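# Architecture and fold: a report
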Amino acid sequence: MALLYGSLAYMAGILIGRAIFDRLGVRCPLPEWLWLVPLGLLPLTLFLRRRSEISASATMRWPTSAGFEPPRSSVAPGLLLALALCAAAGTLRYAGHPFTSCWTPDDLAYYNLPADRAFERSAPKATLLGFVDSYPLVADVKQRLVIHVHTLEIDGVQRAVTGKVRLSTGIRERYRYGQPVRVTGRLATPPDFDSFSFREYLARKGVHSVLYGAVIEVMEAPPQGNPLLAALYTVRARGEHFLNRALPEPYAALANGMLLGIESGIPDELYDQFNATGSSHVIVISGSNVALIAGVIMALMVRIVGGGRAVWFTVAGIACYALLVGGDAAVMRAGVMGSLAVVAAGMNRRSTALVSLGAACALMTLLNPLALWDVGLQLSSAATAGLILVAPDLITGFRKTLSALHLSAFARGPVGSFFEESLMVTLAANLTTMPLVVYYFGRLSIVSLLTNLLILPAQPPIMLVGSAGAAAGIVGLEPIGRIILALPWLCLAWTVHIVQWTASLPGASLEIVGYNTTALLATYLLLVAVKTQPRWRFLLTSLDWRSAAVRWSRLVSPTAAMGLAMTTVLAWTAVASLPDGRLHLWFLDVGQGDGIFIQTPSGRQVLVDGGASPETLFAELGAVMPFWDRTIDLLVLTHPDGDHMWAQTEAPTRYRVNFAMYTSHAAQHPDAVLWRERMTTNGVTVLEQGAGSWLDLGDGVALWVLWPPPEGVQAKDVDNEHSLVLKLVYGDFSALLTGDAGLTSEESMMAQGSPLQATLLKVGHHGSRTGTGPDFVQNVAAQVAVIQVGADNDYGHPHPEVLKELEGSTVLRTDRQGRIHVQSDGRQMWIETER
């Protein structure tokens, strides 16, 4: 336990250091090596402790009437001195690495603009030379990078500097670790917000600058950085690419977070629901992931190199895995604890979990004292402490309660084991992390226990089977990997469904105001007091009954029953998603943009446009496409406006696309360059189509092109007036899809006698008054009009005049009804809406 006490004293010293040096306003760090001085004196404490033990053993025991009286115990002065030295080391370690450093001209941060000046038009720009020093994280249309800078250029003058800068850029160019780059933008100090210090957050990661308005140029130079990290990030990228193509959204994003530590793709709304239900811990990489990796590597290495050497291969494997998944403080803590357990097992020594936890946290703060304020490290450490200290008592209490209720047979059965391992363990982790959650986020989840109880059984298949599927995809066995991922997909779908359901319950999450540091410390002191009190005595001893569930659990294995249930659900889900002989149109809720998904009676699929957000489009497609279907037969780009094109541009990176169709105008448009590149890179055959052409989609379904003419048109709004206007025909049913076509296009189509009459009209340009004229509405004579528009948009769409012209039709809007599903058998039409 001396190691545990020393670790706690060292971390207490870091807290003392912050209190002292921040209060004194010290801005420049002390020499970083000073913390080694008190640690170097620790051997003296060993000598004093040994001398004290010898003295105690030599102490005579005087006889009394009851026998010999032992000497009174006392705290060894060597131990007190050792703890004091550890605390001093922590204080000096912090002093050598404060939040605000005394920058010199050799530091990149020396040239930072103040945070409040970064967005001024007159703010000067800097040019930085360096390399990509992080795994690029993509969140929808943004890409986040950290650049390791070695050269700074201001006003044409270059100088060597050292430092890292964080920036965000678009996803047109995908960057990779080690790429040499030249970046220009406004260099600034990270800002501090009212409830969050972005500056301190980045400082914990060794980053002290941000760059706004970044323009990146890839340099022709050999890759830089760490070769091991480059290799690991290559594996990570292959895994991310495979999961994105193998699973629909949002399950692909969740799988990336749970298996690879890539959480950036998880939609904000879904992440908020996980937070509100106290279940976000299942997303982050934890000790269970490390235990799985350690077990697999150990089992393989024992057979290959023998038990002794297998230990060090396993430790190396754990280290590589921690770096592979991002190397966050919480992950590194789990990795250190796992490594200590493996080494202890290899030496035939008993590994004490609490000592390992203390040593792991001390090591993390030894490498970076600012890690002590990392919320992820605090939460993961608190949860681990709960499992070590609180869970055993709760499990014992649970068993005593069942015994008092004469349900001991239930406790010994698999169902009882499940409740012990899920309910009690979850309750223990919740008890020790809840104060921190309330302190940092100001919310208390009332449904946390219920949510975790329902979703925890689904997590082992995600981790175990999902890891196997991802590994198969990484090594190139993608068909096998897709098959393996069927079970994890079902578990992910169950997890998302439960989280969304419990998050929607009234009072699921309560806002807590005024929970300060004093309240936090008082809560943990109360937990310590309860922990140290005598065990609770249970009073329920008179009941004598057995439930039918107990008798049933003896006959049926819950594991076998769960496996059978999952297999049945997978089978029926696959059957239910097969083509049903009807034509389906989904008007996707992609915000302020267009996105229409068509499925023919035999299952051919067409995606028209897609909106501006890839994240939103993929989530919508994941909701309407079968989970196993990762192909789209045809992409149709009506015109190269961002709210129609940007999301579709990324579709070939997620789905296998056979054909794509656009106009001759789009083929020459500069905004469509990236769209064309994505199609060409991913082997998509691109077709140019104009008025007069048509596509046979099979099963009697035809897609007619009514506009624009192949030779183009002369118009003021040239882009919108070159928008494809399509007519989808199936028996007596037809749908007119007008893209962003305006009044000029409508008048031209009416003048040339185009077959405009349709059962359903997709209103042009989101209901703007630049289209959907009264004569056009009369010619179409649609029973139903669908407007794809974003809620509370800045354009005033749909315009009141347009809504007035559509009064004779049933008007459906994605901003109000959400996703709109229309299906037809060629004679009748059925409509259902998400809301």
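See the structure printed just above.
Scope of this entry: the structure provided in the associated data block. (Residues numbered from 1 in each chain as written. Predicted model: local features only at pLDDT ≥ 70, side-chain atom pairs only at ≥ 80, totals over all residues. Heavy atoms only, no water.)

### What about the overall build of the protein?
- Helices and strands together make up the secondary structure of the protein, namely 32 helices and 25 strands.
- Expressed as a percentage of contacts within the protein between residues at least 6 apart in sequence, the contacts between residues at least 24 apart total 71%.
- Put simply, the protein shows about 40,300 Å² of open surface, and 60% of that area lies on carbon and sulfur atoms. (Helix = DSSP H or I, 4+ residues; strand = E, 2+ residues; numbered from the N terminus. Contact = heavy atoms within 4.5 Å. Areas by Shrake-Rupley, 256 points an atom, 1.4 Å probe, with all protein chains shown as cover.)

### Quick word on helix H11 (residues 329-346)
- Spanning 18 residues, H11 covers 26 Å between terminal C-alpha atoms, matching the ideal 26 Å at 1.5 Å per step.
- Buried residues of H11: Ala-329, Ala-330, Val-331, Arg-333, Ala-334, Gly-335, Val-336, Met-337, Gly-338, Ser-339, Val-342 and Ala-344, and no others. (Expected span 1.5 Å × (residues − 1). Buried < 20%, exposed > 50% of the residue type's maximum accessible area, 1.4 Å probe, protein only.)

### Structural notes on the pairing of strand S3 (residues 126-132)
- Among the 7 residues that make up S3, 7 are buried, leaving the element largely enclosed by the rest of the structure.
- With 6 bridges joining them, S3 and strand S7 (residues 180-188) adopt antiparallel strand pairing. If you follow Gly-130 over to S7, its bridge partner there is Val-181.
- When S3 meets strand S5 (residues 142-154), the two strands line up antiparallel, connected through 6 bridges. (Pairing = 2+ DSSP bridges.)

### Comments concerning the environment of Gly-17
- Turning to its location among the elements, Gly-17 is positioned in helix H1 (residues 2-24).
- Here the alpha-carbon distance between Gly-17 and Thr-91, two residues 74 residues apart in the chain, equals 4.2 Å.
- Setting aside residues up to four positions removed in sequence, Gly-17 forms contacts with Asp-22, Thr-91 and Tyr-94.

### Points about the pattern of salt bridges
- Scanning the entire structure with this criterion turns up 16 salt bridges.
- A salt bridge links Glu-120 to Arg-117; the nearest nitrogen and oxygen atoms lie 3.3 Å apart.
- With relative accessibility at 33%, the residue Glu-120 sits in the partly exposed group.
- Residue class for Arg-117 comes out partly exposed when judged on its relative accessible area of 30%. (Salt bridge = Lys/Arg side-chain N within 4 Å of Asp/Glu carboxyl O.)

### Looking at the pairing of strand S14 (residues 631-636)
- By the bridge criterion, 3 bridges tie strand S13 (residues 605-609) to S14 in an arrangement that is parallel. Bridge assignment links Leu-607 to a residue of S14, and that residue is Leu-635.
- In the sheet, S14 pairs with strand S15 (residues 656-662) via 5 bridges, with the strands oriented parallel. Note that in S15 the partner of Val-636 across the bridge is Met-661.

### Points about the sheet that holds strand S17 (residues 694-698)
- Taking strand neighbours across the sheet as the criterion, the 7 strands line up as S17-S18-S19-S20-S21-S22-S23 in an open arrangement whose pairing is mixed. The sheet is open, and its two edges are formed by S17 and strand S23 (810-813), each paired on a single side. Pairs of neighbouring strands in the sheet enclose a mean axial angle of 20°, with direction left out of account.
- Inspection of the sheet shows S17 paired to strand S18 (residues 701-707) by 4 bridges, in the antiparallel sense. What sits directly across from Trp-694, in S18, is Trp-704. (Axes fitted to C-alpha atoms, helices over the stretch in contact; angles between N-to-C directions.)

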